[in-house]
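# Structural overview
For reference, the chains in residue letters:
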Amino acid sequence: MTQLSFQTNAEGGIPEQAAGGILHIDLDALAANWRILRDNAGGAETAAVVKANAYGIGIEKAVPALGKAGCRTFFVAHLSEAIRVRAVAPDATIYVLNGLFPGTCPTYAAFDLRPVLGSFEEIEEWAGFCRAQNRRLKAAIHVDTGMNRLGLTVPQGLTLTDRAELGDFETALVMSHFVSAEESDNPLNRQQIEAFQAVRVSLPGIPASLANSSGIFLKDKPHFDLARPGYALYGGNPTPDRDNPMRPVAGLEARIVQLRWVEAHHTVGYNGRWLAQDRRRIATISVGYADGYPRASSARGSSGEELLAGMALVAGRPCSFAGNVSMDLITVDVTDVPEAQVKRGDTVILIGGDLTIDEVGRRAGTIGYEILTNLGPRYARLYRGGEG
Ligand SMILES: *Cc1c(COP(=O)(O)O)cnc(C)c1O
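Residues numbered from 1 in each chain as written. Predicted model: local features only at pLDDT ≥ 70, side-chain atom pairs only at ≥ 80, totals over all residues. Heavy atoms only, no water.

## Focus on the domain arrangement of the chain
When the domains of the chain are assigned, the result is domain 1 (27–234) and domain 2 (250–384). For domain 1 versus domain 2, the separation of C-alpha centres amounts to 38 Å. Residue-level contacts link eleven residues of domain 1 with ten residues of domain 2. Of all residues in domain 1, Tyr-55, Gly-56 and Tyr-231 bury the most surface against domain 2, accounting for 52% of the area lost on that side. Applying the counting criterion to the domain 1 and domain 2 interface returns zero salt bridges. Linking domain 1 with domain 2 are four residue pairs in polar contact (both at pLDDT 80 or more), by the criterion used here. (Domains from an automatic or database assignment. Contact = heavy atoms within 4.5 Å. Buried area = accessible area lost by both parts, 1.4 Å probe. Salt bridge = Lys/Arg side-chain N within 4 Å of Asp/Glu carboxyl O. Polar contact = N/O pair within 3.5 Å; in protein donor to acceptor, adjacent residues only side chain to side chain.)

Shown next, in the form of structure tokens:
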């Protein structure tokens, strides 16, 4: 008998036969998506947002694949993520979006990272550090044009040139962020572009960046000097009112542990929230909310009803969940699949085909971003491509 060999690394150390869920990640599709975004960015440099472990797919795999495709600039949310990017991209430009935490300047300098400064306090701390070091280190400045979350206000942004601290460091980028770029005719998009344009004009010679994934596709083409896509790189649809121009990057399979018949008028799962109206066949699969699959995909109601709930593709057929999603298991109504086509140990598709990340998100009452960024550490991760 051959024994399964287990490794203990975080990315894909679990052998496929022992895994409840198998995550397929196509690094060639990731690279192709970056090129599609670059080709739509009107000549602007195209960066990659790789925060949250590259939206769940793995920083250490995604960053080198994007680098081979030609990406030179990366954005993360946390300093710790930036250090992981630096380890696999020694020459890249790396920005940290979540601002400068007090006392962290030396770490930025040690790893050649750039903070995105979003308040005068942060600007003063960075400028003070640069003065003390006698080095004009690089940073970005974030101006808030509507999110009311991070960044200087637009009036503050317009007074930046009057501030002496700006001479102490190099402002390598001025940026802002869209509130609803995925809504292509939302009037806020135009208002934000105009406010950002005014700040930009007041800072001549400083490169500017506004567009996230959806921003790249707006008819006003707010590409400026640098585009910052995240979601679309990983296959999410940046144009929800149109067909998705991106290729899928992540696919998820789950293993069937058991199959059983449930008699009419019996319930399935915790709290008995799903009722079999007639005799139903249930497949129990080895993925649950502890794997990051949302419990909000639970199917509460009864068989025969049209429920907004999670689905699996079983032998190619769409099958609805039955009952609550458990921590480690999901029950799927496979009655419509011919009995011979589904057996213990088979895998079903949770993400793939028509079950796009956008669709899985919709069925859980959330967005595909949350589906991706929750992809859990218990999956076997099978990476394909990425050789450039
Ligand atoms: C996450 C993020 C992005 C990327 O947005 P997507 O919608 O995933 O393309 C860009 N800029 C900022 C400031 C972000 O926080």
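Now, onward.
## Details of the packing of helix H3 (residues 59–69) against helix H4 (residues 79–88)
Where H3 meets H4, the closest approach of the two axes is 9 Å, and the angle between their N-to-C directions is 50°. Taken together, the axes of H3 and H4 are oblique relative to one another. As H3 packs across H4, the resulting crossing turns out to be right-handed. On H4, the residues that touch Ile-59, Glu-60, Val-63 and Pro-64 of H3 are Glu-81, Arg-84, Val-85 and Val-88. Its residues assigned to classes, the contact of H3 with H4 comprises five nonpolar, no polar and three charged. (Axes fitted to C-alpha atoms, helices over the stretch in contact; angles between N-to-C directions. Helix = DSSP H or I, 4+ residues; strand = E, 2+ residues; numbered from the N terminus. Parallel < 35°, antiparallel > 145°, perpendicular 65-115°, else oblique. Left-handed = near helix turned anticlockwise from the far one by under 90°. Nonpolar A, V, L, I, M, F, W, Y, C, P; charged D, E, K, R; others polar.)

## Remarks on the UniProt feature "binding site: substrate" (unreviewed entry) in the chain
UniProt records the feature "binding site: substrate" (unreviewed entry) at Arg-149 and Met-327, using the numbering of this structure. Look at the named residues: they lie 179 residues apart in sequence, and the longest C-alpha span between them is 33.2 Å, so in the fold they stay spread out. One can find Arg-149 in the loop between strand E7 (138–142) and helix H7 (154–158). You can call Arg-149 exposed: its relative accessible area is 56%. If sequence neighbours within four positions are ignored, Arg-149 has contacts with Asp-144 and His-177. Summarising the element assignment, Met-327 is placed in the loop between strand E17 (317–320) and strand E18 (330–333). (UniProt positions renumbered as here; feature names shortened; annotations may be inferred. Buried < 20%, exposed > 50% of the residue type's maximum accessible area, 1.4 Å probe, protein only.)

## Let's talk about the site of the ligand
Looking at the ligand, there are 14 residues lining it, with Lys-51, Tyr-55, Ser-213, Tyr-231 and Tyr-369 nearest. Contact distances for the ligand include 3.1 Å between an oxygen atom and a side-chain N or O atom of Asn-212. At 2.8 Å from an oxygen atom of the ligand is found a main-chain nitrogen or oxygen belonging to Tyr-231. Bound to the protein, the ligand loses 92% of the 380 Å² it would expose on its own. Of the residues assigned to the shell around the ligand, the class counts are seven nonpolar, four polar and three charged. (Near = heavy atom within 4 Å. Areas by Shrake-Rupley, 256 points an atom, 1.4 Å probe, with all protein chains shown as cover.)

## Things to note about the pairing of E18
Along a regular strand, successive side chains alternate from one face of the sheet to the other. A two-sided burial pattern is seen for E18, the buried positions comprising Ile-330 and Val-332 on one face and Thr-331 and Asp-333 on the other. Note that strand E14 (residues 280–285) and E18 share four bridges and pair antiparallel. Directly across from Thr-284, in E18, lies its bridge partner Thr-331. (Pairing = 2+ DSSP bridges.)

## Brief notes about the UniProt feature "domain: Alanine racemase C-terminal" (unreviewed entry) in the chain
Taken from the UniProt record, the annotation "domain: Alanine racemase C-terminal" (unreviewed entry) applies to residues 249–384. Taken end to end, residues 249–384 comprises 10% helix and 35% strand; its first and last C-alpha atoms sit 10 Å apart.

## Things to note about helix H6 (residues 120–133)
With 14 residues, H6 ought to run about 20 Å at 1.5 Å a step, and its terminal C-alpha atoms sit 20 Å apart, in line with that. In this structure, the buried side of H6 is in contact with helix H5 (105–110), strand E6 (114–117), E7 and H7. Downstream of H6 by one or two residues, Asn-134 has phi in the positive range, about 60°. (Expected span 1.5 Å × (residues − 1).)

## Quick notes on the pattern of salt bridges
Pairs can form between side chains of opposite charge once their charged atoms are near each other. All told, the structure shown has 17 salt bridges when counted by the stated rule. Of the charged contacts, one joins Asp-39 and Arg-38 as a salt bridge, the two residues approaching to 3.1 Å between their closest N and O atoms. Residue classification places Arg-38 among the partly exposed positions, given a relative accessible area of 34%. A salt bridge links Arg-190 to Asp-220; its shortest N-O distance comes to 2.7 Å. Of this pair, Arg-190 sits in helix H8 (residues 187–201) while Asp-220 sits in the loop between helix H9 (213–216) and strand E10 (226–227), and the two are 30 residues apart along the sequence. One connected set of salt bridges, linked through shared partners, spans Glu-124, Arg-163 and Glu-165.

## A few points about the packing of aromatic side chains
For the structure on display, the rule yields eight aromatic pairs. These aromatic residues form a ring-pair network of at least three members: Tyr-55, Tyr-231, Tyr-234 and Tyr-369. The cationic tip of Lys-61 hangs over the ring face of Tyr-383; the distance from NZ or CZ to the ring centre is 5.1 Å. A cation sits over an aromatic face here: Arg-279 above Trp-261, 4.4 Å from the ring centre. (Phe/Tyr/Trp six-rings, centres within 6.5 Å; stacked < 30°, edge-to-face > 60°. Lys NZ or Arg CZ within 6 Å of the ring centre and 35° of its normal.)

## Regarding unusual backbone geometry
Despite not being glycine, Asn-148 shows a phi value in the positive range, around 55°. Along the polypeptide, Asn-148 turns up in the loop between E7 and H7. Positive phi, normally seen in glycine, also occurs at Phe-224, with a value near 45°.

## A few points about the packing of helix H1 (residues 27–40) against H3
Two numbers describe how H1 lies on H3: the axes approach to 9 Å, and their chain directions differ by 50°. Considered as vectors, H1 and H3 are oriented oblique to each other. Note on packing geometry: the crossing formed by H1 with H3 is right-handed. Contacts between H1 and H3 involve Leu-27, Leu-30, Ala-31, Trp-34, Arg-35 and Arg-38 from the former and Lys-61, Ala-62, Ala-65, Leu-66 and Ala-69 from the latter.

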